[in-house]
Amino acid sequence: MTPLIPRDRRRRFRTLTAAGAGLLLVPLAAACGSGGSGGSGAIKIGVPAPLSGDSASAGQDILAAAKVAADEINKAGGVDGRKIQIVEADDQCSAQQGAQAAQKLLNSGVVAVAGGYCSGAAVPAIPIYGRRGVPFVMDASTNPSLTDGGKGKVFRTCGRDDNQGLVAAKFMTGPLGAKRIALLHDNTTYAKGLADAAANSARQAGGQVVYENALQPGQSDYGPVLTKIASTRPDVLYFTGYFAEAGLLMKQRKQLGLRFALMGGDATTDSTVLKTAGSAAGGYIATTAPLAKDLPAAARFVSAYKAANHADPGPFSVYEYDAVKVVAKAIDDAGSTRGAAITEALHKIKDFPGITGPITFDAKGDRTDPLYITVQVQGGAFTAYKKLDESGATWVDAKTS
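Residues numbered from 1 in each chain as written. Predicted model: local features only at pLDDT ≥ 70, side-chain atom pairs only at ≥ 80, totals over all residues. Heavy atoms only, no water.

Student: Explain helix 8 (residues 223-230) residue by residue, including any values.
Tutor: Of the positions making up helix 8, those classed as buried are Gly-223, Leu-226 and Ile-229. Each buried residue of helix 8 sits inside an arc of 125 degrees when the element is viewed along its axis, so together they form one side. Packed against the buried residues of helix 8 are strand 8 (180-185), strand 9 (208-214), strand 10 (236-239) and helix 9 (243-256). (Buried < 20%, exposed > 50% of the residue type's maximum accessible area, 1.4 Å probe, protein only. Helix = DSSP H or I, 4+ residues; strand = E, 2+ residues; numbered from the N terminus. Arc of directions from axis to C-beta. Contact = heavy atoms within 4.5 Å.)

Student: Which residues make up the packing of aromatic side chains, and what are the values?
Tutor: Counted under the stated rule, the structure contains 10 aromatic pairs. With a centroid separation of 5.8 Å and an interplanar angle of 75 degrees, the aromatic rings of Tyr-117 and Phe-316 are classed as edge-to-face. One end of the pair, Tyr-117, is in the loop between strand 5 (112-115) and helix 4 (119-131); the other, Phe-316, is in the loop between helix 11 (299-309) and helix 12 (317-334), with 199 residues separating them in the sequence. Exposure remark for Phe-316: the relative accessible area of 7% places this residue in the buried category. Each residue in the set Tyr-117, Tyr-190, Tyr-242 and Phe-316 is aromatic and connected to the rest through ring pairs, giving one cluster. Between the NZ or CZ atom of Lys-386 and the centre of the ring of Tyr-385, over which it lies, the distance is 5.8 Å. (Phe/Tyr/Trp six-rings, centres within 6.5 Å; stacked < 30°, edge-to-face > 60°. Lys NZ or Arg CZ within 6 Å of the ring centre and 35° of its normal.)

Student: Pulling in residues and values, what's your account of the nonpolar core?
Tutor: Membership of the largest hydrophobic core comes to 108 residues, with the highest contact counts inside it found for Ile-86, Tyr-117, Met-250, Phe-301 and Leu-346. Discounting residues that sit within four places of it in the chain, Tyr-117 has contacts with Pro-50, Ser-55, Ala-58, Ile-62, Cys-93, Ala-140, Ser-141, Tyr-242, Phe-243, Ala-267 and Phe-316. Counting 18 residues, the second-largest nonpolar core is a separate cluster that includes Val-87, Ala-89, Leu-105 and Phe-136. (Core = buried A, V, L, I, M, F, W, Y, C linked by side-chain atoms within 4.5 Å.)

Student: Could you give an account of the packing of helix 12 against helix 13 (residues 339-348), naming the residues involved and the relevant values?
Tutor: Where helix 12 contacts helix 13, the two axes come as close as 8 Å, and the packing angle between them is 110 degrees. As far as their axial angle goes, helix 13 and helix 12 are roughly perpendicular. Of the residues in helix 13, those touching helix 12 at Val-326, Ala-330, Ile-331, Asp-333 and Ala-334 are Ala-341, Ile-342, Ala-345 and Leu-346. Residue composition of the contact of helix 12 with helix 13, grouped by class: eight nonpolar, no polar and one charged. (Axes fitted to C-alpha atoms, helices over the stretch in contact; angles between N-to-C directions. Parallel < 35°, antiparallel > 145°, perpendicular 65-115°, else oblique. Nonpolar A, V, L, I, M, F, W, Y, C, P; charged D, E, K, R; others polar.)

Student: Residues and numbers for the sheet that holds strand 11 (residues 261-264), please.
Tutor: Taken in spatial order, the seven strands of this open sheet run 9-8-10-11-12-15-16, and their pairing is mixed. Single-partner strands in this sheet number two, and they are strand 9 and strand 16 (381-384). This sheet shows a mean twist of 25 degrees between the axes of neighbouring strands, independent of strand direction. In the sheet, strand 8 pairs with strand 9 via six bridges, with the strands oriented parallel. Bridging from a neighbouring strand, His-185 pairs with Ala-214 of strand 9. Packed onto the sheet, helix 9 meets strand 8, strand 10 and strand 11 and runs at close to 175 degrees relative to strand 11. (Pairing = 2+ DSSP bridges.)

Student: Tell me about the sheet that holds strand 3 (residues 43-49), and please be specific about residues and values.
Tutor: Taken together, the five strands give an open sheet; going across it, the order is 4-3-5-6-7, and neighbouring strands pair in parallel fashion. At either margin of the open sheet sits one strand with a lone partner, and together these are strand 4 (84-90) and strand 7 (154-156). Sheet twist, expressed as the average angle between the axes of neighbouring strands with direction ignored, equals 25 degrees. Bridge count for strand 5 against strand 6 (residues 136-138) is three bridges, and the pairing is parallel.

It is worth stressing that arrangement in space is one thing and function is another; only the former is reported here.
Given below as structure tokens:
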């Protein structure tokens, strides 16, 4: 074995300007060595996502964003002179497939994982990655338990549902003026967790939770559910499930002539909702992390994504892009593709210039500066609407502030 040449002597860097945001130093070449990331083969990063089923549009968007990030890194010389290779696995948003996808990725030789969508698919995958010491940077899986129990090997570029639930409750009891709040989920890990967080925060804010229950996903008629909710006389219904059901709820609520407001969580901002609901989507409000088109630093990414996919990027695309970039930065900093070294480097990252904002992870692996805003359907598109100012007490226009 040839020993590693000291990094300060062996590395020459070139600068890659991330899409409108900061600089990522990527080496032109590196020597091979025990435990190092040098070598002739590609560095494999796994991307688990729902590539089939009801959430496939979100999964395909996540995969496409990962490829945009990898392409940028590779065009700039790669990491330690090696290219990044994206390895995909379809988790179908299910626990069983999530576990199978994790094993598939490990069998393919990935050194880190960046992706995910449904928290329920991530739950069984995390210990599988953990036993092999492979770090997992999530872009869209927001249930708090994932990092709380991740043993320091799980990170996310997105936020947590306890934060999102708080923002939702403050909006409903604040700008929306709601006193009576109904909550509807689908019993998945993500949806149930967000509903519970919103319910707790709503009560603390002085709201009355008049309904909290689940629907059965995959149905075609939610009229009976909506009618039952209407009987509790809510001012607003906050739906925390996924976009396939959200579009139907909007459409059928309008058909039934129900007058309570309808809001949703960040899994309802996929453009599929607008196609399903049609005109019934007008005025719909959702809580979400900022979307790509509302992030000035994401302008170049949006252009690259459109050029590669002939479509607009979806709501979690930028968070996946940043996940791949921050993994590459950690591999570069570690000078190694060993999982333990990459994990240690991820914990040391401070203010990485992501296009979603500076990224620093806390001890659990969560971002130290998560941001949730509200968006509203205006003119047939999701548009930035309101957000809390830095004090967390005042709502301001998210489009101009």
